[in-house]
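Below are the chains, spelled out letter by letter.
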Amino acid sequence: MYVCLCKGLTESDIHRVGQAGIVEAEKLVEVLGLNDDECCGRCVRDIQELADLATRKLALQSSNSPRCRY
Amino acid sequence: MKAKEGVIDFLNKILTADLTSINQYFVHAKMCENWGYERLHHKVRERSFDEMKDAEELIGHILYLEGVPNMQRLGAVHVGETVSEQLKADLKSEQEMVRLLTEATSHCAKVGDYTTRHMLEDMVKDSDRHIDWIETQLETIKQVGLENYLSHQIKKEDG
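Residues numbered from 1 in each chain as written. Chains lettered and ligands numbered in written order. Predicted model: local features only at pLDDT ≥ 70, side-chain atom pairs only at ≥ 80, totals over all residues. Heavy atoms only, no water.

Enquirer: Which residues make up the overall build of chain B, and what values do they have?
Expert: Within chain B, the regular secondary structure consists of five helices and zero strands. Scanning chain B from its N terminus toward the C terminus, one meets helices and strands in the order α-α-α-α-α. Each of the three principal axes of chain B carries a C-alpha extent, and together these read 55 × 30 × 25 Å. Within the span of chain B, comprising 159 residues, buried residues form 48% of the whole. A fraction of 84% describes how many contacts in chain B between residues 6 or more apart in sequence connect residues 24 or more apart. Accessible surface for chain B amounts to roughly 8,500 Å². Of this, 53% is attributable to carbon and sulfur atoms. Mean positive and mean negative side-chain charge positions of chain B (20 and 29 charges, respectively) differ by 1 Å. (Helix = DSSP H or I, 4+ residues; strand = E, 2+ residues; numbered from the N terminus. Buried < 20%, exposed > 50% of the residue type's maximum accessible area, 1.4 Å probe, protein only. Contact = heavy atoms within 4.5 Å. Areas by Shrake-Rupley, 256 points an atom, 1.4 Å probe, with all protein chains shown as cover. Lys, Arg positive; Asp, Glu negative; His and termini not counted. Charge placed at Lys NZ, Arg CZ, Asp CG, Glu CD.)

Enquirer: Let's hear about the pattern of salt bridges: which residues, and what values?
Expert: Residue and element names in this part refer to chain B. Following the criterion strictly, the structure yields 14 salt bridges over all chains and no others. In this structure, the salt-bridge partner of Glu-103 is Arg-99, at a minimum N-O distance of 2.9 Å. Taken together, the positions of Glu-103 and Arg-99, both in helix H3 (residues 83-111) and four residues apart, correspond to about one turn of that helix. Judged by relative accessible area, which is 37%, Glu-103 ranks as partly exposed. Residue classification places Arg-99 among the partly exposed residues on the basis of a relative accessible area of 42%. The network of salt bridges with shared partners includes Asp-50, Lys-53, Asp-126 and Arg-129. (Salt bridge = Lys/Arg side-chain N within 4 Å of Asp/Glu carboxyl O.)

Enquirer: Kindly report on helix H4 (residues 114-144) of chain B, identifying the contributing residues and their values.
Expert: Helical geometry note: an α-helix holds 3.6 residues per turn, so side chains three or four residues apart project in the same direction. All names here are of chain B. For H4, built from 31 residues, the straight-helix expectation of 45 Å at 1.5 Å per residue is met to within 8% by its first-to-last C-alpha distance of 45 Å. Among all positions in H4, only Thr-116, Met-119, Leu-120, Met-123, Val-124, Ser-127, His-130, Ile-131, Trp-133, Ile-134, Gln-137 and Ile-141 are buried. By the N-cap criterion, in which a side-chain oxygen at the helix start approaches the backbone nitrogen of a residue two or three places on, H4 is capped by Asp-113, the distance to Thr-115 being 3.4 Å. Downstream of H4 by a residue or two, Gly-145 has a phi angle that is positive, lying close to 90°. (Expected span 1.5 Å × (residues − 1). Polar contact = N/O pair within 3.5 Å; in protein donor to acceptor, adjacent residues only side chain to side chain.)

Enquirer: Requested: an account of helix H3 (residues 47-54) of chain A, with residues and values cited.
Expert: Residues and elements named next belong to chain A. Within H3, six of the eight residues are buried, leaving the element largely enclosed by the surrounding structure. Restricting attention to buried positions, one finds in H3 the residues Ile-47, Leu-50, Ala-51, Asp-52, Leu-53 and Ala-54. Elements that come into contact with the buried residues of H3 comprise strand S1 (2-4), helix H1 (11-19) and helix H2 (25-32). Of the residues flanking the end of H3, it is Arg-56, one or two places downstream, whose phi is positive at about 65°.

Enquirer: Before we move on, can you summarise the nonpolar core with the specific residues and values?
Expert: Residue and element names in this part refer to chain B. Of all hydrophobic cores here, the largest spans 21 residues; its most connected members are Leu-11, Ile-14, Leu-58, Leu-101 and Leu-120. Setting aside residues no more than four positions away along its own chain, Leu-120 makes contact with Leu-11, Ile-14, Leu-58, Leu-101, Ala-104, Thr-105 and Cys-108. Counting residues in each nonpolar core, the second largest holds 19 residues, with Cys-32, Val-98, Ile-134 and Tyr-149 among its members. (Core = buried A, V, L, I, M, F, W, Y, C linked by side-chain atoms within 4.5 Å.)

Enquirer: With reference to specific residues and values, describe unusual backbone geometry.
Expert: Even without glycine at this site, Glu66(B) takes up a positive phi of about 65°. If you trace the backbone, Glu66(B) turns up in the loop between helix H2 (38-64) and H3.

Enquirer: Explain the packing of aromatic side chains to me, using residue names and the numbers behind them.
Expert: Residues and elements named next belong to chain B. All chains considered together, the criterion is met by two aromatic pairs over all chains. Note on Phe-26 and Phe-49: the rings are 6.4 Å apart at their centroids and 20° apart in plane angle, and the pair reads as stacked. Remark: Phe-49 occurs in helix H2 and Phe-26 occurs in helix H1 (residues 7-35); sequence separation between them is 23 residues. With relative accessibility at 35%, the residue Phe-26 sits in the partly exposed group. Ring geometry for Trp-35 versus Tyr-37: centroids 6.3 Å apart, planes at 65°, classification edge-to-face. Here Lys-13 stacks its cationic end above the ring of Phe-10, 5.3 Å away from the centre of that ring. (Phe/Tyr/Trp six-rings, centres within 6.5 Å; stacked < 30°, edge-to-face > 60°. Lys NZ or Arg CZ within 6 Å of the ring centre and 35° of its normal.)

What follows is the structure, given as structure tokens:
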């Protein structure tokens, strides 16, 4: 699933960032630029879900399904 | 004609869900087209247009009831990266829509607005039809496998 349409970020992008050690909500916002002018801020409303995704607390919905694009 | 209490609020909530669905289904339709899944492209595009017709009716009805249609508000657009994800996201949106429509229908009956109630009941029928179609696709995928399913969505070459 896409988690931010403004930035074109997917669940796997968040997972990758998490693997690089960025897992806190505030850090994610800063590193991914979710608070800049190019982002509408809708995804920040669910920032805790993104933080959980970064720490793999949420299972990646797409991890077992074949990709059409990637 | 003045609206009965709470009816405009419900109609605007449904309008928001509708405008959100139009965008979600339309981007899914275009992604399917881009992947070459011509059959899915047409089916999902049709669903997006159905939502647009509902939005048209809602806007007209809100104005008829002397309310202001809120075109500004939009919910979260859930875009799937794969066909399966798209179908599941759309199913969730349709189920949420049915929940909202049912709640609004009950409210209309309570305050005695039977015209709005009748209109919303027709919209529930459309959503039920959409849910049935999506559930069929998900069940087919389960039975024949994703790859077999997708191979039947591909555009036929000319000639």
